[in-house]
Amino acid sequence: PVFDGPTPIPYNRVTRHVWGDAEAGFVDDWIYISTDKIHQLVFGLPPGAGFRHSESFRTVFAADEVLTVLQGTMVIANPENGEVHLVHTGESVFFQKDTWHHAYAWGSEELRVLEYFAPPPSTGTSGKYAQTKPYVADWTYERRELIHDWPRAQAEAAARAKIRVLREADKLWSLDPTDPRVLTGITASTDQLTAGCVRLQPGAQGQTQSHPGATGLYITAGRVNILIDDPEMTPPVWFELHPGDGFYIPPDTRYRAFNMGGAPAEYLFGTAPLYRHRP
């Protein structure tokens, strides 16, 4: 899906897709945005299912990725170096170019994961790129070199890991200078992708902001209103979003986020390539 301007993406209109084969497994995708700057989707796996890789579907890309668990528990593994991570609802993982990855739905609940991916597949960073990488035929799900040296080697192992698990305490937090009822937490930020969350208490009114990159939103809680703050648009354009809805914001578009409801609200976001103009 691509868009000409600021666009709400209701859950019931999201593009559905299934990828995989018998060897790699089959995965449900709900694709919200796939432009020349950012790719935003939710993937789902039933309890006990997972995806791996095959010759046709190689899960190694030329992109920065942030995956946030919306529902269930995810086990994510790097079959090339053996690292395995357990990721619970609300937690994220971050990895960069050339990181092989497999994922499984752990436990009895369906897994739903929000994924931000940049540079996006439209620039040749996904399947086409993956076919150029040496194929990993022998998988490992164990870091054997750490046996008999744990947890002493924990810091060293974390430094060598290609997949980083990011929890609440790992976010880079900031308060809106005009309304402290708006809290932003950056999960990961590089020169290709910035992803995080925005939390709004009841009555919160965020300041006007814009980003040099394209932005995708995903509502996780409450009711979020987005105002496109363009002085040339009369009257101003308002959008109302609910959990499961998405929203696309083009580069350099001025917008504000509001919570006009009586319960806390939250949305996740991804911006690519740049979140702020360089100083």
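The coordinates are above.
Residues numbered from 1 in each chain as written. Predicted model: local features only at pLDDT ≥ 70, side-chain atom pairs only at ≥ 80, totals over all residues. Heavy atoms only, no water.

Trainee: Give me unusual backbone geometry: which residues, what numbers.
Mentor: Most of the time, phi is negative for any residue but glycine, and the peptide bond is trans. Cis geometry marks the peptide bond from Ala118 to Pro119; its omega dihedral reads -5 degrees. Following Ala272, the chain continues to Pro273 via a peptide bond in cis, the omega torsion being 0 degrees. Positionally, Pro273 belongs in the segment after β21 (265-272). With a phi close to 75 degrees, His148 is a non-glycine residue in the positive phi region. A relative accessible area of 84% places His148 in the exposed class. The phi dihedral of Asp252 is positive, around 60 degrees, even though this residue is not glycine. With respect to the helices, strands and loops of the structure, Asp252 is situated in the loop between β19 (246-249) and β20 (255-258). The partly exposed category is assigned to Asp252, whose relative accessible area is 47%. (Helix = DSSP H or I, 4+ residues; strand = E, 2+ residues; numbered from the N terminus. Buried < 20%, exposed > 50% of the residue type's maximum accessible area, 1.4 Å probe, protein only.)

Trainee: Kindly report on a nonpolar patch on the surface, identifying the contributing residues and their values.
Mentor: A cluster of nonpolar side chains, Val84, Trp139 and Tyr141, forms an exposed patch at the surface whose accessible area comes to about 260 Å². Within the secondary structure, Trp139 sits in the loop between α1 (127-130) and α2 (154-160). (Patch = residues over 30% accessible without salt bridge, like charges linked within 9 Å, V, L, I, M, F, W, Y side chains within 5 Å. Areas by Shrake-Rupley, 256 points an atom, 1.4 Å probe, with all protein chains shown as cover. Salt bridge = Lys/Arg side-chain N within 4 Å of Asp/Glu carboxyl O.)

Trainee: Tell me about the sheet that holds strand β6 (residues 64-71), and please be specific about residues and values.
Mentor: Taking strand neighbours across the sheet as the criterion, the 7 strands line up as β2-β3-β4-β11-β6-β9-β12 in an open arrangement whose pairing is antiparallel. Looking at strand neighbours, the two that pair on one side only are β2 (15-21) and β12 (164-166), the edges of this open sheet. Strand-to-strand twist in this sheet, taken as the mean axis angle between neighbours without regard to direction, amounts to 25 degrees. (Pairing = 2+ DSSP bridges. Axes fitted to C-alpha atoms, helices over the stretch in contact; angles between N-to-C directions.)

Trainee: Got a sec to walk through the pairing of strand β3 (residues 25-34)? Specific residues and values, please.
Mentor: Counting buried positions along β3 yields 8 of 10 residues, so the element is predominantly enclosed. Relative to β3, β2 runs antiparallel, the two sharing 7 bridges. Among the inter-strand pairings, Thr15 is bridged to a residue of β3, identified as Ile31. The hairpin turn running from β2 into β3, its antiparallel successor, is 3 residues long. Sheet analysis places β3 next to strand β4 (residues 39-45), joined by 6 bridges and oriented antiparallel. Bridge pairing in β4 links Ser34 to His39.

Trainee: Kindly report on the nonpolar core, identifying the contributing residues and their values.
Mentor: Nonpolar side chains in soluble globular proteins tend to end up buried together. By size, the foremost hydrophobic cluster in this structure holds 22 residues, and its most contacted members are Tyr32, Ile38, Tyr116 and Leu193. Those elements giving two or more residues to this core turn out to be β3, β11 (111-118), β15 (194-200), β16 (214-221) and β21. (Core = buried A, V, L, I, M, F, W, Y, C linked by side-chain atoms within 4.5 Å.)

Trainee: With reference to specific residues and values, describe the pattern of salt bridges.
Mentor: Within the structure shown, the criterion is met by 14 salt bridges. A salt bridge links Glu55 to Arg58; the nearest nitrogen and oxygen atoms lie 2.5 Å apart. Classification of Glu55 by relative accessible area gives partly exposed; the value is 43%. We classify Arg58 as buried; its relative accessible area is 11%. Across the salt bridge formed by Glu266 and Arg199, the nearest N and O atoms sit 2.8 Å from each other. Linking Glu266 in strand β21 with Arg199 in strand β15, this pair joins segments that are 67 residues apart in sequence. Taking relative accessible area as the criterion, Glu266 reaches 17% and is therefore assigned buried.

Trainee: Explain the packing of aromatic side chains to me, using residue names and the numbers behind them.
Mentor: Taken as a whole, this structure holds 11 aromatic pairs when the rule is applied. Relative to Tyr218, the ring of Tyr32 has its centre 5.6 Å away and its plane inclined at 80 degrees; by these criteria the two rings are edge-to-face. Taken together, the positions of Tyr32 in strand β3 and Tyr218 in strand β16 put the pair 186 residues apart, joining distant regions of the chain. Residue classification places Tyr218 among the buried residues on the basis of a relative accessible area of 10%. Members of the aromatic cluster, each reached through a chain of ring pairs, are Trp19, Phe43, Phe51 and Phe57. The residue whose ring lies beneath Arg16 is Tyr11, and the NZ or CZ to ring-centre distance is 4.8 Å. Geometry around Trp30 places Arg112 over its ring, the cationic atom sitting 3.9 Å from the centre. (Phe/Tyr/Trp six-rings, centres within 6.5 Å; stacked < 30°, edge-to-face > 60°. Lys NZ or Arg CZ within 6 Å of the ring centre and 35° of its normal.)

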